[in-house]
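Listed here are the chains, written in short residue letters.
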Amino acid sequence: MWCEENLTKWQPLSPIDEKIAELEQSQYKLCRGCAVDSIEDCYKCSQFERYEQLGEEIRKLENSKNK
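Note that the structure is predicted; figures quoted are calculated from it, not measured.

Enquirer: How would you sum up the overall build of the chain? Please name residues and give values.
Expert: When helices and strands are tallied, the chain shows 4 helices and 0 strands. In sequence order, the secondary structure elements of the chain are arranged as α-α-α-α. Across the 67 residues that make up the chain, the buried fraction comes to 12%. About 5,800 Å² of surface is accessible on the chain, with carbon and sulfur atoms providing 52% of the total.

This is how it looks when you write it as structure tokens:
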């Protein structure tokens, strides 16, 4: 069966990929209730700085993974 064949190829996420997924989920949670109409309003949001911090952490982890 196709499903069984693909299940044997599936591998769990690495610790770095797990952390990236957690950080991306945190970013999503910050923004999910936001209904701003423009990017300018997004930049003014009190959560934007934290969103950017999470993005920087994600970029660092991705860079370390690709080395």
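Enquirer: Break down the side chain of Gln27 for me, with residues and values.
Expert: With respect to the helices and strands, the residue Gln27 is situated in helix H2 (residues 15-31). Residues within four places of Gln27 in sequence aside, it is in contact with Tyr51, Leu54, Gly55 and Ile58.

Enquirer: Now, about the pattern of salt bridges: what can you tell me, with residues and values included?
Expert: Pairing of side chains with opposite charge becomes possible as their charged atoms draw close. Counted according to the given criterion, the structure contains 4 salt bridges. Between Asp17 and Lys65 there is a salt bridge, with the nearest N and O atoms lying 2.7 Å from each other. With Asp17 in helix H2 and Lys65 in helix H4 (residues 48-65), this residue pair connects regions lying 48 residues apart in the sequence. For Asp17, a relative accessible area of 22% puts it in the partly exposed group. Judged by its relative accessible area of 39%, Lys65 is partly exposed. A salt bridge links Glu57 to Arg50; its shortest N-O distance comes to 3.7 Å. A residue is classified by how much of its surface remains accessible, and Glu57, at 33% relative accessible area, is partly exposed. Among the residues examined, Arg50 registers a relative accessible area of 37% and is labelled partly exposed.

Reading the values: the criteria
Residues numbered from 1 in each chain as written. Predicted model: local features only at pLDDT ≥ 70, side-chain atom pairs only at ≥ 80, totals over all residues. Heavy atoms only, no water. Helix = DSSP H or I, 4+ residues; strand = E, 2+ residues; numbered from the N terminus. Buried < 20%, exposed > 50% of the residue type's maximum accessible area, 1.4 Å probe, protein only. Areas by Shrake-Rupley, 256 points an atom, 1.4 Å probe, with all protein chains shown as cover. Contact = heavy atoms within 4.5 Å. Salt bridge = Lys/Arg side-chain N within 4 Å of Asp/Glu carboxyl O.

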